[in-house]
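# Summary of structural features
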Amino acid sequence: MPRPGSAQRWVAAAGRWGCWLLALLLVLLVTGPGCASEITFELPDNAKQCFYEDIAQGTKCTLEFQVITGGHYDVDCRLEDPDGKVLYKEMKKQYDSFTFTASKNGTYKFCFSNEFSTFTHKTVYFDFQVGEDPPLFPSENRVSALTQMESACVSIHEALKSVIDYQTHFRLREAQGRSRAEDLNTRVAYWSVGEALILLVVSIGQVFLLKSFFSDKRTTTTRVGS
Amino acid sequence: MAGVAGMGRPAVGLRALLLLVMCAAGAQGLYFHIGETEKRCFIEEIPDETMVIGNYRTQMWDKQKEVFLPSTPGLGMHVEVKDPDGKVVLSRQYGSEGRFTFTSHTPGEHQICLHSNSTRMALFAGGKLRVHLDIQVGEHANNYPEIAAKDKLTELQLRARQLLDQVEQIQKEQDYQRYREERFRLTSESTNQRVLWWSIAQTVILILTGIWQMRHLKSFFEAKKLV
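Residues numbered from 1 in each chain as written. Chains lettered and ligands numbered in written order. Predicted model: local features only at pLDDT ≥ 70, side-chain atom pairs only at ≥ 80, totals over all residues. Heavy atoms only, no water.

### Regarding the layout of surface pockets
Condition: Each cavity reported here is a set of points on a 1 Å grid over the protein atoms alone in which a 1.4 Å probe fits but cannot get out, each pocket an open set with protein on both sides within 12 Å along at least five of seven lines, and each lining residue one with an atom within 4 Å of a point. Grid points are joined across faces, edges and corners, and a volume is the space filled by probe spheres set on the points. A run of H or I in DSSP becomes a helix once it reaches four residues, and a run of E becomes a strand once it reaches two; helices and strands are each numbered from the N terminus. Asp, Glu, Lys and Arg are counted as charged, while Ala, Val, Leu, Ile, Met, Phe, Trp, Tyr, Cys and Pro are counted as nonpolar; the rest, among them Gly, fall into the polar class.
Approximately 360 Å³ is the volume attributed to the second largest pocket. Lining the second largest pocket are 23 residues; nearest its centre among them are Ala175 and Arg178 of chain A together with Glu45, Glu109 and Arg183 of chain B. Those elements giving two or more residues to the lining of the second largest pocket turn out to be strand 1 (35-43), strand 3 (60-69) and helix 2 (148-225) of chain A together with strand 2 (39-46), strand 8 (108-116) and helix 3 (155-223) of chain B. Per-element accounting of the lining of the second largest pocket gives the leading share, six residues, to helix 2 of chain A. Among the residues making up the lining of the second largest pocket, the classes are represented as eight nonpolar, six polar and nine charged.

### Focus: the pattern of salt bridges
Our working rule: Here a salt bridge means any side-chain nitrogen of Lys or Arg lying within 4 Å of a carboxyl oxygen belonging to Asp or Glu.
Counting across every chain of the model gives 19 salt bridges over all chains. Of the charged contacts, one joins aspartate 96 of chain A and lysine 93 of chain A as a salt bridge, the two residues approaching to 3.9 Å between their closest N and O atoms. A salt bridge links glutamate 182 of chain A to arginine 183 of chain B, with the nearest nitrogen and oxygen atoms 3.0 Å apart. Of this pair, glutamate 182 of chain A sits in helix 2 while arginine 183 of chain B is found in helix 3, placing the two residues in two different chains. Linked by salt bridges that have partners in common, Arg171, Glu174 and Arg178 of chain A together with Glu45, Glu173 and Arg180 of chain B make up one network.

### Overview of the environment of serine 103 of chain A
Residues and elements named next belong to chain A. For the record, the criterion: Buried means the residue's accessible area, taken with a 1.4 Å probe over protein chains only, is under 20% of the maximum for its type, while exposed means over 50%, and partly exposed covers the values in between. A contact between two residues is defined here by any heavy atoms of the two lying within 4.5 Å.
In this fold, serine 103 is placed in the loop between strand 6 (95-101) and strand 7 (106-113). In this structure serine 103 comes out as partly exposed when scored by relative accessible area, which is 46%. Note: C-alpha distance between serine 103 and glutamate 132 (29 residues apart in sequence) is 17 Å. Discounting chain neighbours no more than four positions away, the residues touching serine 103 are Gln57 and Tyr108.

### Section: the nonpolar core
The cut-off we apply is this: We define a nonpolar core as any set of buried Ala, Val, Leu, Ile, Met, Phe, Trp, Tyr and Cys residues linked to one another through side-chain atoms lying within 4.5 Å.
One finds Phe41, Phe51, Phe110, Phe112, Phe126 and Phe128 of chain A to be the most contacted residues of the largest nonpolar core, which totals 47 residues. At five residues, strand 9 (residues 128-137) of chain B tops the list of elements feeding residues into this core. Discounting chain neighbours no more than four positions away, the residues touching phenylalanine 128 of chain A are Cys35, Ala36, Ser37, Glu53, Ile55, Cys61, Thr62, Leu63, Phe100 and Phe110 of chain A together with Leu30 of chain B. Counting residues in each nonpolar core, the second largest holds six residues, with Leu136 of chain A together with Tyr144, Ile147 and Ala148 of chain B among its members.

### Topic: the packing of helix 2 (residues 144-151) of chain B against helix 3 of chain B
Residue and element names in this part refer to chain B. Applied cut-off: A fitted line through C-alpha atoms serves as each axis, taken over the contacting stretch for helices, and the angle formed by two N-to-C directions is quoted from 0 to 180°. Just so you know how the angles are binned, under 35 degrees is roughly parallel, over 145 roughly antiparallel, 65 to 115 roughly perpendicular, and the rest oblique. Here a crossing is taken to be left-handed if its near helix is turned anticlockwise relative to the far helix by less than a right angle, and right-handed if that turn runs clockwise.
Closest axis-to-axis distance for the helix 2/helix 3 pair is 10 Å, and the angle between their directions is 125°. The orientation of helix 2 with respect to helix 3, classified from their angle, is oblique. Here the hand of the crossing between helix 2 and helix 3 comes out right-handed. Facing helix 2, whose interface residues are Tyr144, Ile147, Ala148 and Asp151, helix 3 presents Leu158, Arg161, Gln162 and Asp165. Class assignment of the residues belonging to the contact of helix 2 with helix 3 gives a composition of four nonpolar, one polar and three charged.

### Quick notes on the environment of glutamate 150 of chain A
On the secondary structure map, glutamate 150 of chain A appears in helix 2. If near-sequence neighbours (up to four positions away) are discounted, glutamate 150 of chain A is found in contact with Glu155, Leu156 and Arg159 of chain B.

### Here's the deal with the sheet that holds strand 1 of chain A
Cut-off, in case you're wondering: Each pair of strands is called paired provided DSSP finds at least two bridges between the two strands.
An order of 6(A)-3(A)-8(A)-1(A)-2(B)-8(B)-5(B)-6(B) is seen for the eight strands of this open sheet, with the pairing classed as antiparallel. If you trace the sheet from one side to the other, it starts and ends with strand 6 of chain A together with strand 6 (88-94) of chain B, each paired once. Averaged over all pairs of adjacent strands, the angle between their axes in this sheet comes to 20°, without regard to strand direction. Of the pairings in the sheet, the one linking strand 3 of chain A to strand 8 (residues 122-130) of chain A comprises eight bridges and is antiparallel in character. Paired with phenylalanine 65 of chain A across the strands is phenylalanine 126 of chain A, a residue of strand 8 of chain A.

Laid out in structure tokens, this is it:
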């Protein structure tokens, strides 16, 4: 009979779509909310350190890095997609920010290299933001629009996030300046003591050297005389 | 019949999608590779009374299968946290998957060091570990759904609580900034003083040695009857 056949087809189709929808929802719930990793690490001289992250296609990501201490405060940075194609490559950069959208699923890799430096090790800070922040309420009924109070809260939250971000960068710049000042302080201390010692040694040495010239001449003249 | 045949193809695609979901759920964000005996340190510059939560997960490299094993029981990581004065705040051994927490009592640079304790793994020479790491500081460490459930807050109250936490973190950071700026100013003033005293001392030493040299040489030449 035609009716039970078409009903069966409808049920099958609904079942298929339901399964896909559920799977899609699961994927969105799990891979949708992104994460942010903020890490400060020390990069020894002639070393390279790499970090990896699995990113889903279409996710907007931002990589920001800043060198805090060491040498000329610069580092090489390189970001590659899962196929090895280089998305971002900069040599000897002090601070940069790079935003990209993941074009394919897979493991993205970014490396910081200090291989050009022979004896200074660097401290590098990076902030890798993947996707959006997880929602405050992992609730199912998020289809209702936000009230005015709630949207005001959301905009204050975003503004405070940018304040914290600026604060972080300010703190890093201040750490950079402070490490330079402390270096300068110790260098001035060692240099002034060293310079004073050298001065004394050289002046006393000069006098004795000069005296030794005249002493030798005296003995030779007396020998010639006798 | 048509329904049964139709269900075959989406089921395969569904399995692939579920696999992707499971992979995504298993991955804990950022990861990096370390050697077995290698120690990796991270620095966190934080104000005082700030909570830091770190989550990590390790995977061992299997040389035969050329793949990272999903989980290796018996593999431990030693976590050591030092405060800005070099004193050890936390030094504990955790399993292959762990979570460590500490609260800072002095503002400054805290150092978090991780190394694996695998001595038996030394048999597999050249082995490497994949470490998934996630460090959350201050307000980011709060778990808001948990707080909402515990204190029974409405959505608006929870949002207000989040904003309060954020503002508190900004305030702490500003206080820390003031303390750091004072240190910076003391260092600069000390350098200024040192340069001032050094230049005066250098000039004095120079003049004194010059005078001493001339007098010494004059008496020497007079003794040698050359003058």
